[in-house]
Amino acid sequence: MDAQVEGAYGVIENGAVMIKGDTIVWLGKESELPEFDALSIPVTSAKDAWLTPGLIDCHTHILFAGSRAEEFEKRLNGVSYQEIAEQGGGIATTVKATRQASKETLFVAAKSRLNALLREGVTTVESKSGYGLDTDTELKLLEVNQILDEHHPIQIQSTFLGAHALPPEFKGNSDGYIDLVCDEMLPLVAERNLADAVDVFCENVGFSHAQTKRVFERATELGLKVKCHAEQLSNQHGTELVAEFNGLSADHIEYLDERGVEAMAKSGTVAVILPGAFYFLRETQHPPIELLRDHGVPIAIASDFNPGTAPLCSLRLMLNMACTLFKMTPEEALLGATRHAAKALGLDDRGVLKVGCKADIAMWQIQHPAELSYQFGVNDLLNLWISGRLIQ
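Analysis parameters
Residues numbered from 1 in each chain as written. Predicted model: local features only at pLDDT ≥ 70, side-chain atom pairs only at ≥ 80, totals over all residues. Heavy atoms only, no water. UniProt positions renumbered as here; feature names shortened; annotations may be inferred. Helix = DSSP H or I, 4+ residues; strand = E, 2+ residues; numbered from the N terminus. Buried < 20%, exposed > 50% of the residue type's maximum accessible area, 1.4 Å probe, protein only. Contact = heavy atoms within 4.5 Å. Areas by Shrake-Rupley, 256 points an atom, 1.4 Å probe, with all protein chains shown as cover. Lys, Arg positive; Asp, Glu negative; His and termini not counted. Charge placed at Lys NZ, Arg CZ, Asp CG, Glu CD. Salt bridge = Lys/Arg side-chain N within 4 Å of Asp/Glu carboxyl O. Pairing = 2+ DSSP bridges. Axes fitted to C-alpha atoms, helices over the stretch in contact; angles between N-to-C directions. Polar contact = N/O pair within 3.5 Å; in protein donor to acceptor, adjacent residues only side chain to side chain. 1 Å grid on protein atoms, 1.4 Å probe; cavity = no way out; pocket = protein on both sides within 12 Å on 5 of 7 lines; lining within 4 Å. Points joined across faces, edges and corners; volume = space filled by probe spheres on them. Domains from an automatic or database assignment. Buried area = accessible area lost by both parts, 1.4 Å probe.

Identification of the protein as Imidazolonepropionase from Pseudoalteromonas luteoviolacea DSM 6061 is taken from an unreviewed UniProt entry. For the record of the protein, the UniProt heading Function (unreviewed entry) holds the text "Catalyzes the hydrolytic cleavage of the carbon-nitrogen bond in imidazolone-5-propanoate to yield N-formimidoyl-L-glutamate. It is the third step in the universal histidine degradation pathway." Taken directly from UniProt, the Pathway (unreviewed entry) text for the protein runs: "Amino-acid degradation; L-histidine degradation into L-glutamate; N-formimidoyl-L-glutamate from L-histidine: step 3/3."

This is the structure in structure tokens:
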């Protein structure tokens, strides 16, 4: 057995891990394993397998109802996104279906998506609201997150994304909608302890720098951490803004400049790249991977699974895309879906195999960890532990 710890892959050949409850209590070479009663303590032999931390998908939109497959087909047949939006399509389609959906419907759909991630070795998932865009539905989505966290093996980190898009009833009045987010939604989210963080889509087709700042200020007043969809389609300097608030992460960041990278390095904000959306939208502007490396900014990788721009429910596919599309190394990709993904969620108790950390552990039938990025669609997950409990 091999195990990933600190350093370049951090390989420990012929290693062993001891778990007590939900925590790793010992890790090292098997030859140095402390004495224990093998008759009373369960033992799993990894033989020639590899152990890594459980994977972490730190940016998803798994909570929604309906499908946008028809729109996908229309676009491939030459209908523009603007024409689809003018016909009442686009995000409005998902918002309408999500508002009408029951908690049970949303739970069942999200559970199926989580099951797909679980089969790939994912142990923690960030789940955003953002397809309600009214108070009742946004709260409903966050409540479903709580139910998922209680009833699904994967651990859910809940993010409030009320400022995702402008709902139809606020057309032409984006400031009025931000008033609703700040004055009504956010206080209820904080009061009911429904979210771990607050996100905003800061973009020329989303919300302005000034509007994003208003949401961040209100979230901070209420004791909530912030993150940002930033620099996906243009440079609105949302990354600098989220860094100013010591935010957890700036996500997408294809149009990020060096000033924004420097701000992230100073604040400790994580860069989250989303190759699935880049691929699905046929983008050509690459995120500044070299600049991020040069300034020592941690790079996380996530699926961005959503119905409109990244209907790709696979973190393993994202590892491959990060390497093939963005020229990241397999080691960087694995760090991006473990240690750096945990940091992007503000979690210091997972993402590494380390004494004192949560026993979220994946066992793989592979010859080298680079295979986790190299191949896709191969069922190489042997076992998975979440909080010390064997899931599969």
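The rest of the description comes next.
Let us now look at the overall build of the protein. The helix and strand tally for the protein stands at 15 helices and 16 strands. Of all 392 residues assigned to the protein, the portion counted as buried reaches 56%. Sequence separation of 24 or more characterises 69% of the internal contacts of the protein that already satisfy a separation of 6 or more. In the form shown here, the protein has an accessible surface area of approximately 16,600 Å², with 49% of it arising from carbon and sulfur atoms. One way to put it: in the protein the 33 positive side-chain charges average out to a point 3 Å from where the 54 negative ones average out.

For the rest of this paragraph, the subject is the pattern of salt bridges. Inspection of the entire model under this criterion finds 16 salt bridges. Notably, a salt bridge pairs Arg-99 with Glu-169, separated by 2.8 Å at the nearest N-O pair. Here Glu-169 lies in the loop between strand E8 (155–163) and helix H6 (174–191) and Arg-99 lies in helix H3 (residues 91–100), a separation of 70 residues in the sequence. Assessed through its relative accessible area of 26%, Arg-99 is described here as partly exposed. By relative accessible area, Glu-169 is classed as partly exposed at 46%. Between Asp-349 and Arg-350 there is a salt bridge; the shortest N-O distance is 2.9 Å. Overall, the relative accessible area of 25% leaves Asp-349 in the partly exposed class. It is possible to trace a salt-bridge network through shared partners that takes in Glu-126, Lys-128, Asp-199 and Lys-227.

Here we come to the sheet that holds strand E9 (residues 197–202). Neighbouring strands of a sheet are bound in pairs by backbone hydrogen bonds; such pairs are parallel or else antiparallel. Read across the open sheet, the 8 strands follow the order E6-E7-E8-E9-E10-E11-E12-E13; overall the sheet is parallel. Two strands bound the open sheet, and with one partner strand each, they are strand E6 (55–57) and strand E13 (299–301). Across this sheet, the average inter-strand angle for adjacent strands is 25°, counted without regard to direction. Both E8 and E9 contribute to a ladder of 3 bridges, which runs parallel. Bridged to Thr-159 within E9 is Ala-197. Sitting on the sheet, helix H4 (residues 103–118) touches E6, strand E7 (122–128) and E8, and the angle it makes with E7 is about 145°.

Before going further, it helps to examine the environment of Ser-387. With respect to the element layout, Ser-387 can be found in the loop between strand E15 (381–386) and strand E16 (389–390). Along the primary structure Ser-387 and Val-144 are separated by 243 residues, whereas in three dimensions their C-alpha atoms are 21 Å apart. What Ser-387 contacts, discounting residues up to four positions off in sequence, is Gly-21, Asp-22, Gln-155, Lys-358, Ala-359 and Asp-360. For Ser-387, the side chain forms a polar contact with the side chain of Gln-155, separated by 3.5 Å.

Moving on to the UniProt feature "binding site: Fe(3+)" (unreviewed entry) in the protein. When the UniProt feature table is mapped to this numbering, "binding site: Fe(3+)" (unreviewed entry) covers His-59, His-61, His-229 and Asp-304. In summary, the annotated positions, though distributed over 246 residues, converge in three dimensions, the widest C-alpha pair being only 12.3 Å. As for its position among the elements, His-61 is in the loop between E6 and helix H1 (69–76). Judged by relative accessible area, which is 2%, His-61 ranks as buried. Dropping the residues within four chain positions of it, His-61 is found in contact with Lys-128, Tyr-131, Leu-161, His-164, His-229, Asp-304, Phe-305 and Asn-306.

Here the second largest pocket is characterised by a volume of approximately 670 Å³. Lining the second largest pocket are 25 residues; nearest its centre among them are Val-17, Met-18, Pro-42, Val-43 and Thr-44. Residue assignment for the lining of the second largest pocket shows that the elements contributing at least two residues are strand E3 (15–20) and strand E14 (361–364). Examining the composition of the lining of the second largest pocket, we find that 6 residues originate from one element, E3, more than from any other.

Relative to strand E4 (residues 23–29), E3 runs antiparallel, the two sharing 6 bridges. Residue pairing in the sheet places Ala-16 in a bridge with Gly-28 of E4. In this structure, the hairpin formed by E3 and E4 is closed by a connection of 2 residues, where Gly-21 is found at a positive phi of approximately 65°.

Turning our attention to the domain arrangement of the protein. Per the domain assignment, the segments of the protein are domain 1 (15–53 + 352–391) and domain 2 (55–345). Here the C-alpha centroids of domain 1 and domain 2 sit 30 Å apart. Each side of the interface is counted separately: domain 1 has 21 residues, and domain 2 has 22 residues. When the two sides are added together, the surface that domain 1 and domain 2 hide from each other amounts to roughly 1,600 Å², 64% of it contributed by carbon and sulfur. Considering only the surface of domain 1 that becomes buried against domain 2, Ser-373, Phe-376 and Ile-386 emerge as the three largest contributors, covering 34% of it. Taken together, domain 1 and domain 2 are joined by 1 salt bridge.

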